[in-house]
Amino acid sequence: MLTGVLVVALARVKIEFGFDRAQAARLLRFGLPLCVSLGIEGLLLNVDSVIVGDVLGPAWLGFYLLAFNISSWVPGLIGTAIRYVALPSFSRLAEEGGESMREGVRQSVPLLAGMVLPIAVLMGTLAPAVVEFLYGANWLPAAQVLRFLAIVMAVRMLTLLVTDILAALGRTKATMWVNLCWAVALVPSLLVGARLDGIEGAAVAHAVVAVVVALPLLGVALHRSGIPVGLVGAGLARPLLGAAAAGLVMVALATVIDGAFFELCVAGGAGLLLFVLVVVPRAVLKRLVRQGRAHARL
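Since the model is a prediction, treat every value here as computed from it, not as a measurement.

### Concerning the pattern of salt bridges
Stage number 1. Per the counting criterion, the structure on display carries one salt bridge.
Stage number 2. Between Glu 103 and Arg 106 there is a salt bridge, with its nearest N and O atoms 2.3 Å apart. Of the two residues, Glu 103 and Arg 106 both sit in helix α5 (residues 98-125), three residues apart, roughly one turn of that helix.
Stage number 3. Since its relative accessible area comes to 31%, Glu 103 is described here as partly exposed.

And the structure:
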């Protein structure tokens, strides 16, 4: 309430009371599917915990929730910031025209992937070290869950960006149907996974549905909205290559290093450094090195 009052006051918006049926209909066509989509999004965030707790009991639910909370740190921090900026930014680009929108997508996808993928790779490959270092060896059963929830986290971050792109284009029905299909596929998959292989089976089911169901549906929604899927794929290519290389280095070093702290420092640090070298263009790296030398001299 206070935020709304301050925004209106600082923007010096003149408010007049009235009712416009045409505007109300447009708002409902845009807003109702978006509200339903956000409601289903809340279901997607919580249904796995409900199913794991019901099928496996409170003890295993505790391990699952620990891994889920760790994987949620990135969406909680970066995702919130992105949502404050992405929707108004893409809305402005949509008003400017299709080429401006495509250019915005071309720049934003690799930027998001460059922030999210290295963290996802570190969580996935060094999950035992992450859990042991943060919470102790007693919580190590959560590590196998974290490996797969890191994949879910990366898909969810891409979903947040694509959802804002579709909303800026007025395609809120598309986001609603994507989330609905995702939820319909996820619930039975979680039930089967939890019953077959416990918390790890539930995490595997979550990751498989995110990759096999959610990503293709997002691609179809973008294509129908006039955004080429190849544009998103091109933006993801280099970060994915860097993530694969970083993951291999982390796995190789983790096998010869003892101790969670040293694994994170040596294996994690080497993998993240390699990711930066692969993903960040050489011109940008050279400029950063020059700036660093200049600051060092000062």
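There's more to say after this.
### A look at helix α4 (residues 73-96)
Stage number 1. Taking 1.5 Å of rise per residue, 24 residues should cover 34 Å, and α4 covers 34 Å from first to last C-alpha, within 8% of that figure.
Stage number 2. At Gly 79, α4 shows its maximal kink, close to 30°.
Stage number 3. When we look at burial in α4, the residues that qualify are Val 74, Pro 75, Ile 78, Gly 79, Ile 82, Ala 86 and Phe 90.
Stage number 4. One or two steps after α4, the chain reaches Gly 97, where phi turns positive at roughly 130°.

### Re the nonpolar core
Stage number 1. Of all hydrophobic cores here, the largest spans 81 residues; its most connected members are Tyr 64 and Met 157.
Stage number 2. The biggest single contributor to this core is helix α7 (residues 141-168), with 18 residues.
Stage number 3. In contact with Met 157, other than residues within four places in its own chain, are Val 74, Pro 75, Ile 78, Gly 79, Ile 82, Leu 112 and Val 116.

### Considering helix α2 (residues 21-56)
Stage number 1. For α2, which comprises 36 residues, the first-to-last C-alpha distance of 51 Å matches the rise-based estimate of 52 Å (1.5 Å per residue) to within 8%.
Stage number 2. Residue Asn 46 marks the point of greatest curvature in α2, where the axis turns by about 40°.
Stage number 3. Of the residues flanking the end of α2, it is Gly 57, one or two places downstream, whose phi is positive at about 95°.

Cut-offs used in this document
Residues numbered from 1 in each chain as written. Predicted model: local features only at pLDDT ≥ 70, side-chain atom pairs only at ≥ 80, totals over all residues. Heavy atoms only, no water. Salt bridge = Lys/Arg side-chain N within 4 Å of Asp/Glu carboxyl O. Helix = DSSP H or I, 4+ residues; strand = E, 2+ residues; numbered from the N terminus. Buried < 20%, exposed > 50% of the residue type's maximum accessible area, 1.4 Å probe, protein only. Expected span 1.5 Å × (residues − 1). Bend = angle between axes of the 7 residues up to and from the residue. Core = buried A, V, L, I, M, F, W, Y, C linked by side-chain atoms within 4.5 Å. Contact = heavy atoms within 4.5 Å.

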